[in-house]
Amino acid sequence: MDQATTTTTFEKPIQDLDQVVIRFAGDSGDGMQLTGDQFTRTTALMGNDIATFPDFPAEIRAPAGTLPGVSAFQLRFSSFDIHTPGDAPDVLVVMNPAALKVHLKELKKDGVLILNTASFSALDLKKAKYEKDPRTDGSLAGWRVIEVDLEARTREALANSPLDSRGKDRCKNMYALGILYWMFHRDMEPTIKAIGQKFAKKPEIVDANLVAMRAGYAYAETTEIFQTAYRVPPAQLPPGTYRNIMGNQALGLGLVAGAQQAGLQLFLGSYPITPASDILHQLAAYKNLGVVTFQAEDEIAAVAAAIGAAYSGSLGLTTTSGPGLALKSEAIGLAVMAELPLVIVNVQRAGPSTGMPTKTQQADLLQAMFGRNGESPVAVLAANTPADAFEVGFEAVRIALQFMTPVIVLSDGYIANGSEPWRLPDIARLPAIPVQFAPPGKPGEKFMPYQRNPQTLARVWAKPGTPGLTHRIGGLEKADLTGNISYDAQNHQHMIDTRAQKIANIADAVAPATTLGPDHGDVLVLGWGSTRGAITSAVLQLQKQGHKISASFLRWLNPLPKNLGALMQNFKRVILPEMNKGQLCMLLRSKYLVDVESYSKVDGQPFKSQEILDYLTKALASPQGGAR
Amino acid sequence: MSTTERPVLQKKDYKSDQDVRWCPGCGDYSILNAVTGAFAKLQKQLHETVIVSGIGCSSRFPYYMETFGFHTIHGRAPAIATGVKVANPALDVWVVTGDGDAMSIGGNHFIHAMRRNVGLKILMFNNRIYGLTKGQYSPTSEQGKVTKSSPMGTVDYPFSPIALSLGAGGTFIARGVDVFGPHLEEMICRASAHQGTALLEIYQNCNIFNDGAYKTFTDKEVRDERTLAIEHGKPLLFGAQKDKGIAFDGNFKPYLVTGQDLGKAYVWDETAETPAPAMALATMSEAEFPVPIGVFRRREKPAFEAGVQAQVAAARAKKQGSLHELLHQGEIWDVK
Ligand SMILES: Cc1ncc(C[n+]2csc(CCOP(=O)(O)OP(=O)(O)O)c2C)c(N)n1
Ligand code: SF4
Ligand SMILES: [Mg+2]
C-alpha cells in the first residue's frame, strides 16, 4: 500500500492509497471465491480499476483443512490504470492454518495479516503440517497480525438466526468481508443486492449473510484493533459503460457477437474440460439468440459436429483445453481440407497429459500450429487479457468466415478465470461480417466447390438445400475447382501451396503489430497471450527509468503480423517471456533468423511483473545478452 | 413445395458422373443400385439430401451419388452428420459406413447417435472385414477367422450390430442383404420414413478379402431355408413352403417349430416395447437358425434435433435475445 495523504473523520483516520492488493485464502468450502467476487463487484462499481486472479485448488473437495484444499482469490484495485492482479498482497486474509502456510510467504513485508483464530486447534495445525503454532513461535514477525475468532464472532452476531451452527459458520466469510469493507471504505449496497438475488428463495440465508457482514463492518469500526481505514479513489478510466468481465465470459460474448454480426446460427459442439467448460455453460444459456449447443460424447464428436454444422451453413465452434485439442487434431485436418469456417477455442492449462488442470500455461502453441498430420495450416490467434478475449473471439469469427478456414483461439487459465473492467463496445459500431453463400446453380452448369475469391483465396460456401449446388467433398486430396478426388502430383503441390497461401493472406486482413513505447530502441520485449499485463507493468517502469525499451503484444500468431520482421530489426535485442519452453521464440528464430532471447517459465503460475522486471533489469545490465 | 412442380427424377439421375472404383463384383454395387432405386421411388430431391460417410471402401459411396456428399474421417461420420442434422433439420441426412468404421473406431459415435435418436439414416455395409486396408479382421468377423492380421485365427469375439443398437436404445433397427435387391430397396424406403436414427445393417460381400462370407445363407439354393424374412404382424416363418417357424420359450430362448406346432411361431411385432424378442433374434446362432432379415425394431420417439431446435424456439418465444442486452448483463456502471 503506497502511502498518500491522511485525513481524519470523527471516528478513525482515513488514509488515501492509490492501490491495494488483497488475497483471500481458505478451505475450498470457506467461500473464498464468493468473497473475492463480492469485493470485486463492489470495487468495480465504485470506479476503481481492478484485476483479479482466482487460484483454485486441484481437488474439488480435498479433505477440509489440508494444504491441497486451499483456495485463494487475489484482487488488486487502484486509482490508476493497472495491468495485472498484482504480485505480493498488502492484505492477506487466512481462514485456517493451511491457508496461512501456503500463502504467508507471499505477503508483503509489514503487510496486514487477518487471521481466523477459530481453526487453530492442534488438529488443524497438524492437518496443515505445522509442528508448532505459528502464532506463538515467532513465524509471524514482520507482519501486522490481526487475530479474529471469526466463528465465535459470527455465531454471536447470528444468535437470533434460525440457522443451525453449521449454517451460521458458513457465514464467517461474510463477517470477514464486512471487516474488509470497513477497512477499505467500501459500499455494502451492491453485496446486499447480490446476496438477496443469489439466495432469493432462502430469506433466512440472506438475512444471516447480511447480518454477519454488517457485524464484521461494525466490529472493525468499533474495536481498537483496526486503527485506520483506507480509501482508494476511483481510477480515471476512459469514458464509457463498463462491466467487470472474466476472460471465458468475454470470449463467449465475442463469439456470439461475431455470429450475430454475420447473421449466422452459432453451433457449439463441446465436451466438458477445465478450464474451458464455462464457455459451454454460458453459451447453453444463449438459446434466445439462436445459439445451439451440443454436449458431445467426446472431443472428437464435439469438433466433428461443429464441422457438420459448418458444412450445412452455420458457424461451427468447439471449445476445449489442451488434451481435448489433441483429440480434435484429425478432424481439424479435415476442416483444413474441406475449407470450412470453424472456430476452435483452446483454453490452455498446465500439461503435459492431464498435468495441472487448474493451473495456467501457454505450452499448446506448437500443438495449435503444427499438431496435425500433413501440411495443415490453420489461423491461430491469442487473447491477452480477459477483456481482450471479446475482440479476439469476434476477430476469430470474422477471419474464419472471410477465409473459409479453421481458426484456433488460444486463451489460458489465467485469462479465463481472471477478470477486469471492460468498456462495452458500441454495438452500432461493431463491424458487419459479410457472408455470401453460393447462389443457386443454373441448370446445365456444373457447380465448382473450389472456386476461390482471387484476393483471399477463400473458396465458396455452398449450403446444402440450395438447388443446383450438389457436390462431393472430403478429406481426400481434391482437384482444384471441381473438388473431385485427385492423385495428380501437380495438383497436390498446387493445393498445398494454395492452402498455405490462403492462411498467409490473412496478414493483409488484420492489424499490424504496434509497440508500447517507441518503435525502435535497445530492447523489444515481445509477448503473446496472458503475459501482457506483467510485461506492460515491467516495461513501463523501465521506460520511466529512462531505458530505451518497448514492448509489443502479438494477437496473431499464424500468420504473424507483416511488419514484425522489420520491427524486430529496429531493436538491438528482442526478449520473449513465455509460459512454455520457448515455443514462440523458436518460431520467430526460424522464420526471421533473429536472435530472440527466451525467458521461459513453466511452474503453472502466471508471470509476476516483478519477475519480469528483475529479468529485464539484469538483461539491460548485461548488454551482451542473456540474463540467465 | 409440392412434388408435382418438380421434374420426375429417374434412377440414373441419382448417380454422379464419377467412375465407380469398387472392385468388380463387390457387393457395394448392388447397394448403390438399391439406394438409387429407393431414392427414385421416394423422389428424393438431390439438393435436400446429404450423404456423410467415414473411411473405407463403403465410405466412398457419396462420390457416386448426385446429392450433397461429405466423405469425412474414419469412424466420425455419425458425429459430423449429427452436426449437419441438428444445425439444419430440414436436410435429409444419410450416413454410409462400414463394419470397421462404425463398430470399431467409430463405435462411440455410433452408440451415441442411437441413444440420442438423431434423424440420421445409417447404412452400415457389413462385410465382416476391413476392405480398404486390404483384409484385416473387423469387430464383426467371426471368431477364429484367418486374415492377414490373424494368421492363427482371431481370438476376438464379434458383436452383432443389431444387438448393439438395441442395447444403445435405437428406435429403428433393420437388416438387409446386398444380393436381395428388392428387399433391400424396401428396407431403405422404410429407414427413410423413420423419424430419428435408423440403422440399416447391410450384409455385403467383399469378393476380394472375405468372399462368400454370407453364401451359406444367401446362395439361391439355400436362401429360403436359411433366411428368415421378418415382417410386422406376421408369424416368424421360413422355408420355401413357409413350413418352419421360430418360437420363443418364456425366457425368449428361440426354438424351431414345424408341422402341428407351426401355430406356435412367434407373431412379430416390430413396435414391441420390450427389446427382448428382437435381441433374441439378433443373437441366435447363425449355424442353428436361419438368419433374420427385415425390421427388428421400430419405435416412435421424438428426434434429437427436433428437441434441440424446440428449446431454441421456446427460449426465443419467451424472450428474443439481443446483443445489446447480452453485453449489458450483470452490474454495469458509467464512467463520464
Ligand atoms: C484414423 C485412421 N485410422 C486408420 C485408417 C485406415 N483405415 C481406412 S479404412 C479402414 C477400415 C475400413 O473397414 P470398414 O469400415 O469395414 O470398411 P470397408 O473398407 O470394409 O468397406 C482403416 C483401418 C484411417 N483411414 N484413418
Ligand atoms: S476390397 Fe472388398 S469391399 Fe472393397 S471394393 Fe473390393 S470387394 Fe468391395
Ligand atoms: Mg468392412
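What counts and how
- Numbering of residues starts from 1 in every chain and runs along the sequence as written.
- For naming, the first written chain is A and the first written ligand is 1, with later ones following in the order written.
- The predicted origin of the model limits local features to residues at a pLDDT of at least 70 and limits the giving and counting of side-chain atom pairs to 80 or more, whereas totals for whole chains, interfaces and linings rest on all residues.
- Only heavy atoms go into the side-chain values, all of them from the structure, while hydrogens and water stay out.
- Under the DSSP-based scheme used, a helix requires at least four consecutive residues in state H or I and a strand at least two consecutive residues in state E, with every element numbered from the N terminus.
- With the radius of gyration taken over C-alpha atoms, the globule rule is written as 2.2 Å times the number of residues to the power 0.38.
- Only protein chains enter the area calculation, which uses a 1.4 Å probe; residues under 20% of their type maximum are buried, those over 50% are exposed, and those in between are partly exposed.
- Pairs of residues are marked as contacts when any of their non-hydrogen atoms sit within 4.5 Å.
- Only the protein chains shown count as cover for residues, and the accessible areas themselves come from Shrake-Rupley with a 1.4 Å probe.
- Under the convention used here, Asp and Glu are negative, Lys and Arg are positive, and both His and the chain ends fall outside the count.
- For charged residues, the charge sits on one atom: NZ in Lys, CZ in Arg, CG in Asp, CD in Glu.
- Each of two parts loses accessible area, computed with a 1.4 Å probe, when they are put together; buried area is these two losses added.
- Salt bridges are defined as contacts in which a side-chain nitrogen from Lys or Arg sits within 4 Å of a carboxyl oxygen from Asp or Glu.
- Pairs of N or O atoms are called polar contacts if they sit within 3.5 Å, as long as, within protein, a hydrogen donor faces a hydrogen acceptor (for residues adjacent in sequence, only side-chain-to-side-chain pairs).
- Gly counts as polar in this scheme, as do all residues outside two lists: the nonpolar Ala, Val, Leu, Ile, Met, Phe, Trp, Tyr, Cys and Pro, and the charged Asp, Glu, Lys and Arg.
- Strand pairing is assigned whenever DSSP identifies at least 2 bridges connecting the two strands.
- Comment: axis = line fitted to C-alpha atoms, over the contacting stretch for helices; angle = value between 0 and 180 degrees taken between N-to-C directions.
- If even one non-hydrogen atom of a residue comes within 4 Å of a molecule or strand, that residue is called near it.
- For the domains described, the bounds stem from an automatic or database domain assignment.
- With water excluded from the atoms, a metal site may look incomplete; its donors are any N, O or S atoms within 2.8 Å, or within 3.2 Å for Na, K and Ca.
- An angle below 35 degrees is treated as roughly parallel, one above 145 as roughly antiparallel, one from 65 to 115 as roughly perpendicular, and anything else as oblique.
- Take the far helix as your reference; a near helix turned counterclockwise from it by less than a right angle gives a left-handed crossing, and one turned clockwise gives a right-handed crossing.
- One confidence number per residue, pLDDT, is output by the predictor and ranges from 0 to 100.

The next point concerns the overall build of chain A. Within chain A one finds 20 helices and 23 strands. Scaling as 2.2 N^0.38, a compact globule of 628 residues should have a C-alpha radius of gyration of about 25 Å, and chain A matches this with 27 Å. The proportion of buried residues among the 628 residues of chain A is 60%. Intrachain contacts of chain A at a sequence separation of at least 6 include 76% that bridge at least 24 residues. Summed over its atoms, the accessible surface of chain A is roughly 24200 Å², and 53% of this surface lies on carbon and sulfur atoms. When the 60 positive and 59 negative side-chain charges of chain A are each reduced to one mean point, those points stand 3 Å apart.

Bringing the interface of chain A and chain B into the picture now. Each partner contributes to the interface: chain A provides 73 residues, whereas chain B provides 56 residues. Summed over both partners, the interface of chain A with chain B comes to about 5300 Å²; 65% of that surface belongs to carbon and sulfur atoms. Summed over the shared surface of chain A and chain B, the number is 3 salt bridges. Arg-41 of chain A serves as the salt-bridge partner of Glu-331 of chain B, at 2.7 Å between the closest nitrogen and oxygen. Taken together, the connections running from chain A to chain B amount to 25 residue pairs in polar contact (both at pLDDT 80 or more). Elements represented by at least two residues in the side of chain A that touches chain B include exactly helix 1 (32-45), strand 10 (240-246), helix 9 (247-262), strand 12 (292-295), helix 11 (299-311), helix 12 (322-338), strand 17 (419-423) and strand 18 (472-474) of chain A. Broken down by element, the side of chain A that touches chain B gets its largest block of residues, 8 residues, from helix 11 of chain A. Across the side of chain A that touches chain B, the residue classes break down as 43 nonpolar, 21 polar and 9 charged. Of the strand pairs in this sheet, strand 10 of chain A and strand 12 (residues 332-335) of chain B are connected by 4 bridges, and their pairing is antiparallel. Across the sheet, residue Tyr-242 of chain A finds its bridge partner in strand 12 of chain B, namely Trp-333 of chain B.

Right, let's get into the sheet that holds strand 7 (residues 227-230) of chain B. Sheet strands pair via backbone hydrogen bonds, and the direction of the pair is either parallel or antiparallel. Across the sheet, 9 strands lie side by side as 18(A)-2(B)-1(B)-3(B)-4(B)-6(B)-5(B)-11(B)-7(B); this open sheet has mixed pairing. Looking at strand neighbours, the two that pair on one side only are strand 18 of chain A together with strand 7 of chain B, the edges of this open sheet. Recorded for the sheet is a direction-independent mean angle of 20 degrees between the axes of neighbouring strands. Where strand 4 (residues 120-126) of chain B and strand 6 (residues 198-203) of chain B come together, 6 bridges link them in parallel fashion. Opposite Ile-122 of chain B, over in strand 6 of chain B, you have Leu-199 of chain B as the bridge partner. Of the strands in this sheet, strand 7 and strand 11 (291-298) of chain B are in contact with helix 9 (residues 276-283) of chain B, which crosses strand 11 of chain B at around 155 degrees.

In the neighbourhood of ligand 1, 17 residues make up the surrounding shell, with Cys-57, Ser-58, Asp-99, Gly-100 and Asp-101 of chain B lying closest. Each of chains A and B places residues near ligand 1. With respect to ligand 1, the side chain of Asp-99 of chain B contributes an N or O atom lying 2.7 Å from an oxygen atom. A distance of 3.0 Å is found between an oxygen atom of ligand 1 and a side-chain nitrogen or oxygen belonging to Asn-127 of chain B. When isolated, ligand 1 has an accessible area of 590 Å², and the protein chains bury 77% of it. Per-element accounting of the shell around ligand 1 gives the leading share, 4 residues, to helix 3 (residues 99-105) of chain B. Residues of the shell around ligand 1, tallied by class, amount to 6 nonpolar, 8 polar and 3 charged.

Residue and element names in this part refer to chain A. Partitioning chain A into domains gives domain 1 (5-231), domain 2 (243-429) and domain 3 (521-620). Each of domain 1 and domain 2 has a C-alpha centre, and the two are 35 Å apart. Counting residues at the interface gives 15 residues for domain 1, matched by 9 residues for domain 2. Taken together, the two surfaces of domain 1 and domain 2 that pack against each other cover about 860 Å², and 54% of this comes from carbon and sulfur. Of the charged contacts, one joins Lys-359 and Asp-55 as a salt bridge, the two residues approaching to 2.7 Å between their closest N and O atoms. Inspection of the domain 1/domain 2 interface yields 3 residue pairs in polar contact (both at pLDDT 80 or more). Take the side of domain 1 that touches domain 2: its biggest share by element is 7 residues, from strand 4 (residues 49-55). Grouping the amino acids of the side of domain 1 that touches domain 2 by side-chain chemistry returns 9 nonpolar, 4 polar and 2 charged.

Moving on to the site of ligand 2. The environment of ligand 2 is formed by Trp-22, Cys-23, Cys-26, Cys-57, Asn-127, Gln-204, Cys-206, Asn-207, Ile-208 and Phe-209 of chain B. Residues of the shell around ligand 2, tallied by class, amount to 7 nonpolar, 3 polar and no charged.

Residues and elements named next belong to chain B. Under the domain assignment used here, chain B contains domain 1 (3-214 + 302-311) and domain 2 (228-291). For domain 1 versus domain 2, the separation of C-alpha centres amounts to 26 Å. Contact with domain 1, which involves 9 residues of that partner, is made by 8 residues of domain 2. Across the domain 1 to domain 2 interface the summed buried area is about 630 Å²; carbon plus sulfur atoms make up 59%. For the domain 1 face of the interface with domain 2, the top three residues by lost area are Ala-163, Leu-166 and Arg-190, together amounting to 52%. In this structure, Arg-190 and Glu-270 form a salt bridge, with 2.5 Å as the shortest nitrogen-oxygen distance. At the junction of domain 1 and domain 2, the tally comes to 2 residue pairs in polar contact (both at pLDDT 80 or more).

In an ideal octahedron of six donors the angles at the metal are 90 or 180 degrees, and in an ideal tetrahedron of four donors they are 109.5 degrees. Residues and elements named next belong to chain B. Protein ligation of the magnesium ion (ligand 3) involves Asp-99 (OD), Asn-127 (OD1) and Ile-129 (O), the donor distances falling in the range 2.1 to 2.2 Å. Each donor residue of the magnesium ion (ligand 3) belongs to the same chain, and together they define the spacing D-x27-N-x1-I. Here the two residues Asn-127 and Ile-129 agree in accessibility, since each one is buried.

Looking now at the pattern of salt bridges. The final tally for this structure, using the stated rule, is 44 salt bridges over all chains. Glu-395 of chain A serves as the salt-bridge partner of Arg-398 of chain A, at 3.3 Å between the closest nitrogen and oxygen. With Arg-398 of chain A and Glu-395 of chain A both in helix 14 (residues 388-403), this residue pair falls 3 residues apart, about one helical turn. As far as burial versus exposure is concerned, Arg-398 of chain A and Glu-395 of chain A are alike and both buried. Across the salt bridge formed by Glu-231 of chain B and Lys-234 of chain B, the nearest N and O atoms sit 3.3 Å from each other. We classify Glu-231 of chain B as partly exposed; its relative accessible area is 41%.

Residue and element names in this part refer to chain B. When you tally the buried positions in strand 4, you get 7 out of 7 residues, the bulk of the element. Every second residue of strand 4 is oriented toward a common face, with Leu-120, Ile-122, Met-124 and Asn-126 on one face and Lys-121, Leu-123 and Phe-125 on the other, all of them buried. Both strand 3 (residues 92-98) and strand 4 contribute to a ladder of 6 bridges, which runs parallel. Each residue of the ladder has a partner; that of Thr-97, found in strand 4, is Met-124.

Turning our attention to the packing of helix 11 of chain A against helix 2 (residues 77-87) of chain B. In contact at an axis separation of 6 Å, helix 11 of chain A and helix 2 of chain B are set at 45 degrees when each is read in the N-to-C sense. As judged from the angle between their axes, helix 11 of chain A and helix 2 of chain B are oblique. The element helix 11 of chain A and its partner helix 2 of chain B pack so that their crossing is right-handed. Each of Ala-301, Ala-304, Ala-305, Gly-308, Ala-309 and Tyr-311 of chain A in helix 11 of chain A lies in contact with helix 2 of chain B, whose residues at this interface are Ala-79, Ile-80, Gly-83, Val-84 and Ala-87 of chain B. Broken down by class, the residue content of the contact of helix 11 of chain A with helix 2 of chain B amounts to 9 nonpolar, 2 polar and no charged.

Note: most residues except glycine have negative phi, and most peptide bonds are trans. All names here are of chain A. A cis amide bond links Thr-274 with the next residue in sequence, Pro-275, at an omega value of -5 degrees. Looking at the secondary structure, you find Pro-275 in the loop between strand 11 (266-270) and helix 10 (277-284). Phi is positive for Leu-593, close to 55 degrees, though the residue is something other than glycine. Residue placement: Leu-593 occurs in the loop between helix 19 (583-592) and strand 23 (597-600).

Residues and elements named next belong to chain A. Strand order in the open sheet formed by 7 strands is 12-11-13-14-16-15-21, with mixed pairing between adjacent strands. Among the strands making up the open sheet, the edge pair consists of strand 12 and strand 21 (556-558). Looking at each pair of strands side by side, their axes are set apart by 20 degrees on average, direction ignored. Packing of helix 12 onto the sheet brings it into contact with strand 13 (315-320), strand 14 (342-348) and strand 16 (406-412), and relative to strand 14 it is tilted by some 160 degrees.

Now for the confidence of the model for chain A. In this model, chain A carries a mean pLDDT of 94, and residues with pLDDT of at least 70 account for 97%. Throughout residues 2-10 of chain A the model reports pLDDT below 50, and contacts reaching past four residues in sequence, or to other chains, amount to 20 contacts.

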